[in-house]
Amino acid sequence: MSDSFQLGGRTVLVTGGTRGIGRAISIELAKAGAAVVANYARNDAAAQSLADAAAAESLTLETLRADLSMPKGMEAVQERLAALPAGNLSIVHAAASGVHRPFDQLTLRHWDFTLALNVRAFFELMQKVRPALGHGSAVVAVSSAGAVRAVPAYAAIGSSKGALESLCRHLASELAPQGIRVNIVSPGSVMTEAWDSFPDKGRRAAEAVARTPLGRLVTPAEVAHLVRFLISPASGGIVGQTLVVDGGARIVD
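Here the structure is a predicted model, which is why all the values come from computation and not from measurement.

Participant: Go over the overall build of the chain with me, naming the residues and quoting the values.
Facilitator: What the chain contains, in helices and strands, is seven helices and seven strands. What you see in the chain, going N to C, is helices and strands ordered as β-α-β-α-β-α-β-α-β-α-β-α-α-β. Seen through its C-alpha atoms, the chain measures out along the principal axes to roughly 45 × 40 × 40 Å. The buried share of the chain, taken over its 253 residues, is 48%. Of all intrachain contacts in the chain linking residues separated by at least 6 positions in sequence, the fraction that spans at least 24 positions is 75%. Total accessible area computed for the chain in this model is approximately 11700 Å², and 55% of it derives from carbon and sulfur atoms. Counting 24 positive and 21 negative side-chain charges, the chain places the centres of these two groups 1 Å from one another.

Participant: Explain the pattern of salt bridges to me, and be specific about the residues and the numbers.
Facilitator: Where charged atoms from two side chains of opposite charge come close, those side chains can pair. As enumerated under the stated definition, the model contains ten salt bridges in all. As a salt-bridge pair, Asp44 and Arg65 come within 2.7 Å of each other at their nearest N and O atoms. Separated by 21 residues along the polypeptide, Asp44 in helix 2 (residues 44–56) and Arg65 in strand 3 (residues 61–65) bring together distant segments of the chain. Judged by relative accessible area, which is 39%, Asp44 ranks as partly exposed. Relative accessible area serves as the criterion here: at 45%, Arg65 is assigned to the partly exposed category. Here Glu222 makes a salt bridge to Arg216, at a shortest N to O gap of 2.7 Å.

Participant: Please set out the nonpolar core residue by residue, giving values where relevant.
Facilitator: In terms of nonpolar packing, the biggest core is built from 33 residues, with Ile25, Leu29, Val36, Val92, Val185 and Ile231 touching the most fellow members. Residue assignment for this core shows that the elements contributing at least two residues are strand 1 (11–15), helix 1 (20–31), strand 2 (35–40), helix 2, strand 5 (138–142), helix 7 (220–231) and strand 7 (242–245).

Participant: Talk me through the sheet that holds strand 5; I want residue IDs and the actual numbers.
Facilitator: Reading across from one edge, 3-2-1-4-5-6-7 is the order of the seven strands in this open sheet, with parallel pairing throughout. Pairing within the sheet leaves two strands with one partner each, and these edge strands are strand 3 and strand 7. Going from strand to strand, the sheet's axes swing by 20 degrees on average, the running direction of each strand aside. Alignment of strand 2 against strand 3, held across five bridges, turns out to be parallel.

Participant: How would you sum up the environment of Leu108? Please name residues and give values.
Facilitator: Inspection of the secondary structure assignment puts Leu108 in helix 4 (residues 108–128). Overall, the relative accessible area of 67% leaves Leu108 in the exposed class.

Participant: Could you give an account of the packing of helix 1 against helix 7, with specific residues and numbers?
Facilitator: For any two helices packed against each other, the geometry comes down to the angle between their axes and how far apart the axes lie. At a minimum axis distance of 8 Å, the contact between helix 1 and helix 7 shows a crossing angle of 50 degrees. Comparing their axes, helix 7 and helix 1 come out oblique. As helix 1 runs across helix 7, the sense of the crossing is right-handed. Seen from helix 1, the contacting residues are Gly20, Ile21, Ala24, Ile25, Glu28 and Leu29; seen from helix 7, they are Pro220, Ala221, Val223, Ala224, His225, Val227 and Arg228. Of the residues that constitute the contact of helix 1 with helix 7, the class distribution is nine nonpolar, two polar and two charged.

Participant: Quick one: what's the story with helix 1, residue by residue and with numbers?
Facilitator: Taking 1.5 Å per residue, twelve residues should reach 16 Å; helix 1 reaches 17 Å between its end C-alpha atoms and fits that length. The element helix 1 is largely enclosed, with a buried count of ten among its twelve residues. Along helix 1, the positions that sit buried rather than exposed are Gly20, Ile21, Gly22, Ala24, Ile25, Ser26, Ile27, Glu28, Leu29 and Ala30.

Participant: Describe the side chain of Ser137, naming the residues involved and giving the relevant values.
Facilitator: Tracing the backbone shows Ser137 in the loop between helix 4 and strand 5. With residues up to four places along the chain from it excluded, the contact list for Ser137 reads Arg10, Gly87, Asn88, Leu89, Ser90, Ala132, Gly179, Ile180 and Arg181.

Participant: Mind laying out unusual backbone geometry, listing which residues take part and the relevant values?
Facilitator: Residue Ser58 is not a glycine yet carries a positive backbone phi of 55 degrees. With respect to the helices and strands, the residue Ser58 is situated in the loop between helix 2 and strand 3. The exposure class assigned to Ser58 is exposed, which follows from its relative accessible area of 66%. You will see that Ala153, though not glycine, has its phi angle at about 55 degrees, which is positive. Structurally, Ala153 can be placed in the loop between strand 5 and helix 5 (155–175).

Conventions used here
- What you see as residue numbers is a count from 1 along each chain, following the sequence as written.
- For this predicted model, a pLDDT threshold of at least 70 governs which residues receive local features, and a threshold of 80 or more governs which side-chain atom pairs are given and counted, while totals over whole chains, interfaces and linings are taken from all residues.
- Side-chain descriptors were evaluated using all non-hydrogen atoms of the structure, hydrogens and water having been removed beforehand.
- Only runs of H or I of at least four residues qualify as helices and only runs of E of at least two qualify as strands under DSSP, and these elements are numbered from the N terminus.
- A simple rule labels every residue: compare its accessible area, found with a 1.4 Å probe on the protein chains alone, to the largest value its type can have, and call it buried under 20%, exposed over 50%, or partly exposed in between.
- The contact criterion used throughout is that any non-hydrogen atoms of two residues lie within 4.5 Å.
- For the area figures, the Shrake-Rupley method with a 1.4 Å probe applies, and any residue is considered shielded solely by the protein chains shown.
- His residues and chain termini do not enter the charge count, which takes Lys and Arg as positive and Asp and Glu as negative.
- By convention, the charge on Lys lies at NZ, on Arg at CZ, on Asp at CG and on Glu at CD.
- In the sections that follow, a salt bridge refers to a side-chain nitrogen of Lys or Arg positioned within 4 Å of a carboxyl oxygen of Asp or Glu.
- Residue types Ala, Val, Leu, Ile, Met, Phe, Trp, Tyr and Cys, when buried and joined through side-chain atoms within 4.5 Å, form a set referred to as a nonpolar core.
- Here the rule is simple: two strands pair whenever DSSP picks up at least two bridges between them.
- Here, axes are lines fitted to C-alpha atoms. For helices the fit covers the stretch in contact, and angles between N-to-C directions go from 0 to 180 degrees.
- For classification purposes, angles smaller than 35 degrees are called roughly parallel, those larger than 145 roughly antiparallel, those between 65 and 115 roughly perpendicular, and all remaining angles oblique.
- Take the far helix as the reference: if the near one is turned anticlockwise from it by less than a right angle, the crossing is left-handed, and if turned clockwise, right-handed.
- Amino acids are sorted into nonpolar (Ala, Val, Leu, Ile, Met, Phe, Trp, Tyr, Cys and Pro), charged (Asp, Glu, Lys and Arg) and polar (every other residue, Gly among them).
- A helix is expected to reach a length of 1.5 Å times the quantity of its residues less one.

Pasting the structure below:
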């Protein structure tokens, strides 16, 4: 593969990097030569599983337990990355949480909980690690179709993803003159453990397949391939864009 797709010498922080799409991204970037710091909040078993898989392939990957919605978690990440020289760091924000309920069943506590990790933590993280970002750094935030489409029982999460995308566009405009590229990846339906929080997940998954021209759900690995491209020098001219990987679901009614 061309050197422009390689990530040797670069450190990449992957928030939410030990499960689901985040795990696939962590593995993919490490295979491309990056030193990956896979952040997670509390699932030690998933983190150990990722560490074992990385060790089996001699990948440069470490896990970092830190809840980014809490001050101590943000401090832990900042401390870990503080020694990096400017321009060495790239970021993938794959961490996400939220409450799957209709609007009239949501509370302010649900709302605050959802936005705390999905948007506020990313905003604060970008400010905290800004000294380690420089010419050649890349930032990718993982969004979802709920940012632009109405999805049942998804009002809080979809709103947070819409805010995340807007924030990324503003960051892209402000940081691009310093050679820091910010982009967004918006996956379609991807079968991960996150589906366990959906009510009636079996029916929803079948409906998602039926409305996807590809005839199947996209895989975490396919999302990870796109993230690798956006982190790599190969995507040097792409700034402030939302790239969709959904098997064509958003091009049909």
